[in-house]
Amino acid sequence: MKEYSRKIEKIYCNLCGEEIKKADGSDIFEDHLSVDKNWGYFSKKDGENHSFDICERCYDRIIDGFKIPIEKK
Ligand SMILES: [Zn+2]
């Protein structure tokens, strides 16, 4: 979830609700997963746009539950 003004002021993790902080002394947010999905034909959400942000800690918990591990390059 992002709160907008002219620039992105704050980003919250949709899973844990914690704010994704900016790196010390900078205007750059700590790295996180940002998803913006336009659902299309043959889905039950045709025409909907879903977006969310996930912090790195929650990301690690999610991928730990995968039956097939992620691909790392
Ligand atoms: Zn989180």
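Residues numbered from 1 in each chain as written. Predicted model: local features only at pLDDT ≥ 70, side-chain atom pairs only at ≥ 80, totals over all residues. Heavy atoms only, no water.

## Comments concerning the coordination of the zinc ion
Working step 1: Looking at the zinc ion, one finds its protein donor set to be Cys 13 (SG), Cys 16 (SG), Cys 55 (SG) and Cys 58 (SG), positioned 2.3 to 2.4 Å from the metal centre.
Working step 2: When the donor residues of the zinc ion are listed from N- to C-terminus, their spacing reads C-x2-C-x38-C-x2-C. Of this pair, Cys 16 sits in the loop between β2 (8–12) and β3 (19–20) while Cys 58 sits in helix α1 (residues 56–64), and the two are 42 residues apart along the sequence.
Working step 3: Residue classification places Cys 16 among the partly exposed residues on the basis of a relative accessible area of 28%. (Donors = N, O, S within 2.8 Å, 3.2 Å for Na, K, Ca; no water. Helix = DSSP H or I, 4+ residues; strand = E, 2+ residues; numbered from the N terminus. Buried < 20%, exposed > 50% of the residue type's maximum accessible area, 1.4 Å probe, protein only.)

## Here we look at unusual backbone geometry
Working step 1: In this structure, Phe 42 takes a positive phi of about 65 degrees despite not being glycine.
Working step 2: With respect to the helices, strands and loops of the structure, Phe 42 is situated in the loop between β4 (33–38) and β5 (49–54).
Working step 3: The exposure class assigned to Phe 42 is exposed, which follows from its relative accessible area of 90%.

## Comments concerning the pattern of salt bridges
Working step 1: A full pass over the atoms with the stated rule returns 1 salt bridge.
Working step 2: Close ionic contact of Asp 27 with Lys 22 constitutes a salt bridge, the shortest N to O distance being 2.9 Å. (Salt bridge = Lys/Arg side-chain N within 4 Å of Asp/Glu carboxyl O.)

## A closer look at the nonpolar core
Working step 1: Formed by Ile 11, Cys 13, Ile 20, Phe 29, Ile 54, Cys 55 and Cys 58, the largest nonpolar core amounts to 7 residues.
Working step 2: Contacts of Phe 29, omitting those with residues within four sequence positions, involve Ile 8, Glu 9, Lys 10, Ile 11, Ile 20, Lys 21 and Lys 22. (Core = buried A, V, L, I, M, F, W, Y, C linked by side-chain atoms within 4.5 Å. Contact = heavy atoms within 4.5 Å.)

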